[in-house]
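Analysis of the macromolecular model
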Amino acid sequence: MHLTIDGKYIECREGETILQAARKNCIDIPTLCYHPMLEPEGRCRACLVEANGKIVTSCDTAVQGGMHIITDSEKLRRMRRDAVDLIASSVSPETIKEENELTDAMKKAGLEKPSFKNYKKLAKDNSSNAVWRNNNRCIACGRCVQSCSSVQSVDAITFAGRSNEMQVEGVEGEPLAKTACVSCGQCSLVCPTNAITEASEVKKVEKALKEKGKLKVVQIAPSVRVSLGECLGMEPGRIVTGKIVAALKKAGFDVVFDTNFSADLTIVEESNEFVERVKGGKTPLFTSCCPAWIDFCCQFYPEFIPKISTAKSPQQMMGAMIKTFYAGKRGIRPGKITSVSVMPCTAKKKEARLKQMRASGVQDIDFVLTTRELAMLFKKKGIGLEKMSESEFDDPLGESTGAGAIFGVTGGVMEAALRTAYFLIEGKELEDINLKMTRGTKGLKEFEIEIKGEKFRAAVAHGLANARLLLERIKKGEHFHFVEVRACPGGCIGGGGQPKLTDWGKISARAEAIYAVDSGKGQRKSHENAAVKKAYAEFLGKPGSEKAKGLLHRSYPEKGKAE
Amino acid sequence: MNSALLEASNFEGLKKALEKTPEEIIAIVKESSLKGRGGAGFPTGLKWEAALKAGGEGERFVLCNADEGEPGTFKDRLILTKAPLNVIEGILIACRVLDAKKAFIYLRGEYAHHRTALDRAIKKAKPYLGANGIDISVVLGEGAYICGDETAILNSIEGKRPEPRKKPPYPAEKGLYGKPTIVNNVETFAMVPLIFLGKFDSNKRLCSLSGDLHKAGVFEISEGKQAGTLLELAEPIGIPKALCFGASGGIIPFDPCMELTEANVKERGAFPGTWSVIVINHEHSIVELCRSIQAFFVHESCGYCAPCREGNLRMLELLEKISKGKGTKKDLQILRELSALLESSCFCALGRSAPLHVSTALRHFFWEFEEKCT
């Protein structure tokens, strides 16, 4: 099929939109509400073009063969500028003083400052300890609402009111903390104006870093090392592990540990649990590393709570190990340690504050920063990541295998767990540890694997709407032995705390980087991690021991979100 | 008032229609030249044909739009009280076309007191409903102007936020619950049985007259009637200056010799819609009229798209400023630019017609605005 855009003859495919066809041919049309991972809703009207003499929005108008499209005329430029002007005029002045998608659209539309006076004076919603909302910055693009509804099937937020009083609210006007919100933060990931953000802890961490007499320990999650670079001007999928370690030290942290270590630890505990459950006929086993998924399951499918692994998430295992095992080694009380984690995730902020996450007697993790917040901290401190030399993680919680690395991507926990579970059941290692059937961006992956003559059915879901479809099938009687669920599309590399403007292309680049970290490791199976073995020998005993249960496992509420 | 358009069919029209096949019914409706009476004026026969031809399995629906929310429009209310059975017959004939078993009447919330008459009519039609396994439900609106838009009604009935849907797909293809749905206005359905009785005249329609009149009300007009002749029937108060077509149709100067045709109204930049005419006499300021209509749109914008949500508010601010004598020539320029933006960029037809009163007033009564500006 062919059409012309501004007189240029171009090829296009049936089902494509005008915007897609134009962008493929490097013709840029400003957009605001459009997001490549969501359905176009045509709310902002900033992408106006002329198609066969009619003004249409390019984001939601399908191409037709022989269409004549004009994107660049005086009239269209003025209309697009006016549309952006109306939107820019509606937000608080601070919103247009920073770099975001709105100010970017203003630049593209040739609008220096808004023409009309801002009028919004709305209350903020900081009720959740994962996600904050400031409607004075909101341009009602609808991305957050669609994400919460279509991608996550949670429907915690909605539009309420009409005309210029319309705003995003918790369902039935409730503060976010009282809604079904699972803290995944996908809303903050897609928000173009930072009206929805993570519950910020940057200032708290800055203050904590200045505190004397405390040991400042930090851990970084598997996916942060392949995404942080994007926030700081590097190409998607750049692996910056060593640079982050060096930069964190420069920022004032004394000790930098690797969450990949505790991911290995999680796998050892969880695989052990899986083997026990198989023996006891108590499958399926659901993974437990994603706190947003846990909140989802506990609220919408409480009948499956007993099926969730009791293993804590890698963040919380690390948190417990730092303030017990490591504190003991250093000979200091847990209260003398400030433990910070850097996560791709907003739900981890809430998880760290759960009442039961105090294995050391005090709160195991004191502060959680998202990838975006760490970038902000580095910027504030004037630390240029690109120029940093590479440093190594500290011992004894810094060593990891490739299995720990792939925790960051959908299917990774399944792959890592099967590498170890196979060994535990079969008594020998997998021939090919690259379990390709767990990989890829398909929303629901299902497969069978034979271990010791027995067939095991497994499923991997990412995006809670996909999880819901799977759970409904299980409810109707389908049986799986092992199920991995991650709330965010793509897994943690697409997490709610990751760099803005995330799309499937960037998620794929990050995934490739994660698999590169895995294949670059000498050890690629969690049970081969020497530091993990040492931790068991010196401190934990054996997998599933009383001590391991006390420190590395958790319980769940009977119904509803964990507090 | 008495009009042949309100003559009771007493099931005679329905009986005749039920003898026909869906294709025959569509051919007859097409032949009649009946066009939608809800404002957009789309040929009814074509709409029904599109719904019949729409693919897909499962249910089909018929929906009567009785959310008569356009200011100055009240002809559907008259039909609902005087000839509700004709509406039911029209709905049943549409059900016959689609083999639909479920029909809805979306009744304007403020018309709740007309529900009794409707329910009585539905009860009276029971033999025809039961025999064909059809159920008609009356759904009460909650007072949103946007629900005059057929796709917003679909969302409302489905329990969703009443916002318009992107067209295409049209309701005829993907309507209620994604199924082919015939959506027509009250007056349109009421005309259908008359077609089968040979009593329908496509040149005649109902017109709501209000404003500076002694005898405001519903009148029957025929295509090409002179504006002066029509107004005489309603006895104007003072000297008419302008005709205002509801809130969304625009304002044109009153010309007694102007023949009331859609083309003539359109030529003046306005749109007759449902032919609700608000007569404005010389004592009223057009600027004030625009400000008042604008306040209506600021209240009623659903908020879905930015130009309607934010643009109407800014237009009201400008009109308030001008109305207070504080406006400038530049403000008039911005007002013109905003109304042009809304007319061509809003998501739905209601949003696109919201600024029509300003653009037509600036065209025909510019001096009234200029006089108030410095």
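What counts and how
Residues numbered from 1 in each chain as written. Chains lettered and ligands numbered in written order. Predicted model: local features only at pLDDT ≥ 70, side-chain atom pairs only at ≥ 80, totals over all residues. Heavy atoms only, no water. Helix = DSSP H or I, 4+ residues; strand = E, 2+ residues; numbered from the N terminus. Rg over C-alpha atoms; globule rule 2.2 N^0.38 Å. Contact = heavy atoms within 4.5 Å. Areas by Shrake-Rupley, 256 points an atom, 1.4 Å probe, with all protein chains shown as cover. Lys, Arg positive; Asp, Glu negative; His and termini not counted. Charge placed at Lys NZ, Arg CZ, Asp CG, Glu CD. Buried area = accessible area lost by both parts, 1.4 Å probe. Salt bridge = Lys/Arg side-chain N within 4 Å of Asp/Glu carboxyl O. Pairing = 2+ DSSP bridges. Axes fitted to C-alpha atoms, helices over the stretch in contact; angles between N-to-C directions. Buried < 20%, exposed > 50% of the residue type's maximum accessible area, 1.4 Å probe, protein only. Core = buried A, V, L, I, M, F, W, Y, C linked by side-chain atoms within 4.5 Å. Domains from an automatic or database assignment. Polar contact = N/O pair within 3.5 Å; in protein donor to acceptor, adjacent residues only side chain to side chain. Nonpolar A, V, L, I, M, F, W, Y, C, P; charged D, E, K, R; others polar. Expected span 1.5 Å × (residues − 1).

Looking at the overall build of chain A
Looking only at helices and strands, chain A has 19 helices and 17 strands in total. Its C-alpha atoms give chain A a radius of gyration of 24 Å, within 12% of the compact-globule value 24 Å for 563 residues. Overall size of chain A, expressed as C-alpha extent along the three principal axes, is 75 × 60 × 45 Å. A fraction of 74% describes how many contacts in chain A between residues 6 or more apart in sequence connect residues 24 or more apart. On chain A, roughly 21500 Å² of surface is accessible, and the fraction owed to carbon and sulfur atoms is 50%. Seen as two clouds, the 86 positive and the 70 negative side-chain charges of chain A have centres 5 Å apart.

Focus on the interface of chain B and chain A
The interface is formed by 30 residues belonging to chain B together with 32 residues belonging to chain A. Here chain B packs against chain A, burying approximately 2400 Å² in sum over the two surfaces, 53% of which is carbon and sulfur. The tally of links between chain B and chain A comes to 4 salt bridges. Across the salt bridge formed by E300(B) and R162(A), the nearest N and O atoms sit 3.3 Å from each other.

Description of the sheet that holds strand β4 (residues 181-185) of chain B
Residues and elements named next belong to chain B. On the basis of which strands lie adjacent, the open sheet formed by 4 strands has the order β3-β2-β1-β4 and parallel pairing. Strands at the two margins of the open sheet, each flanked by one partner only, are β3 (135-140) and β4. Across the sheet, the mean angle from the axis of one strand to that of its neighbour is 20 degrees, orientation sign disregarded. Both strand β2 (residues 102-107) and β3 contribute to a ladder of 6 bridges, which runs parallel. The partner of L107 across the bridge, within β3, is L140. Taken strand by strand, helix α9 (residues 186-196) contacts β1 (61-66) and β4, and its axis lies near 95 degrees from that of β4.

Examining the pairing of strand β13 (residues 337-343) of chain A
All names here are of chain A. Of all 7 residues in β13, 7 are buried; the element is thus mostly enclosed. Burial along β13 is two-sided: the residues I337, S339, S341 and M343 and T338, V340 and V342 are all buried. In the sheet, strand β10 (residues 215-220) pairs with β13 via 6 bridges, with the strands oriented parallel. From the neighbouring strand, Q219 faces β13, where its bridge partner is S341. As paired strands, β13 and strand β14 (residues 367-370) are joined by 4 bridges and run parallel to one another. Note on β14: the bridge partner recorded for S341 is V368.

Here's the deal with the nonpolar core
Formed by 85 residues in total, the largest nonpolar core has its most connected members in I244(A), L248(A), W293(A), L374(A), F378(A) and L464(A). Here this core spans two domains, and each of domain 2 (124-199) and domain 3 (203-552) of chain A adds at least three residues to it. Of all hydrophobic cores here, the second largest spans 57 residues; its members include L176(B), I251(B), I278(B) and I286(B).

Some details on the domain arrangement of chain A
Residues and elements named next belong to chain A. Along its sequence, chain A is organised into domain 1 (1-115), domain 2 (124-199) and domain 3 (203-552). On the side of domain 2, 18 residues touch domain 1, which itself brings 18 residues to the contact. Remark: the boundary between domain 1 and domain 2 carries 3 salt bridges. The tally of links from domain 1 across to domain 2 stands at 11 residue pairs in polar contact (both at pLDDT 80 or more). Counting only elements with at least two residues in the side of domain 1 that touches domain 2, the list comes to α2 (74-90) and α3 (101-109). Here the side of domain 1 that touches domain 2 is composed, by residue class, of 7 nonpolar, 5 polar and 6 charged.

Description of unusual backbone geometry
In this structure, P284(A) follows T283(A) across a cis peptide bond, with omega equal to 5 degrees. Relative to the helices and strands, P284(A) is located in the loop between α9 (259-280) and β12 (285-286). A positive phi is found at A140(A), a non-glycine position, where the angle reads about 55 degrees. Assignment of secondary structure puts A140(A) in the loop between β6 (131-133) and α4 (143-151). Positive phi values are uncommon outside glycine, yet N10(B) reaches one of about 50 degrees. Position of N10(B) relative to the elements: it lies in the segment before α1 (12-18). Residue N10(B) is classed as partly exposed on the basis of its relative accessible area of 49%.

What about the side chain of R137(A)?
All names here are of chain A. Within the secondary structure, R137 is located in the loop between β6 and α4. Side chain to side chain, R137 and E98 meet in a polar contact 3.0 Å long. When sequence neighbours within four positions are dropped, the list of residues in contact with R137 reads V91, S92, E94, T95, E98, T193, N194 and A195.

Describing the pattern of salt bridges
This model, assessed by the stated rule, comprises 70 salt bridges over all chains. The closest approach of N and O atoms between R143(A) and E101(A), which form a salt bridge, is 2.7 Å. Of the two residues, R143(A) is situated in helix α4 and E101(A) in helix α3; the sequence distance between them amounts to 42 residues. A residue is classified by how much of its surface remains accessible, and E101(A), at 18% relative accessible area, is buried. With its nearest N and O atoms 2.7 Å apart, the salt bridge here joins E368(B) to K241(B).

Let's talk about helix α15 (residues 412-426) of chain A
Residues and elements named next belong to chain A. Taking 1.5 Å per residue as the helical rise, α15 with its 15 residues ought to reach 21 Å, and the 21 Å between its terminal C-alpha atoms agrees with that figure. Burial analysis of α15 places 12 of its 15 residues in the buried class, the great majority of the element. For α15, every residue scored as buried is listed here: G412, V413, M414, E415, A416, A417, L418, R419, T420, A421, Y422 and I425. Structurally, α15 contributes buried residues whose contacts are with α9, α14 (402-405), β15 (444-451), β16 (454-462), β17 (482-486) and α17 (504-519). Backbone geometry just after α15 places G427 at a positive phi near 85 degrees.

Notes on the pairing of β2(B)
Residue and element names in this part refer to chain B. Within β2, 6 of the 6 residues are buried, which leaves the element mostly enclosed by the surrounding structure. Of the two faces of β2, the one holding K102, F104 and Y106 and the one holding A103, I105 and L107 are both buried throughout. With 6 bridges joining them, β1 and β2 adopt parallel strand pairing. Counterpart to A66 in the pairing with β2 is L107.

Quick notes on the environment of V340(A)
Residue and element names in this part refer to chain A. Turning to its location among the elements, V340 is positioned in strand β13. Along the chain, V340 and E39 lie 301 residues apart, while their C-alpha atoms are 37 Å from each other. Excluding anything up to four places from it in sequence, V340 contacts V205, V217, V218, Q219, F253, F367 and L369.

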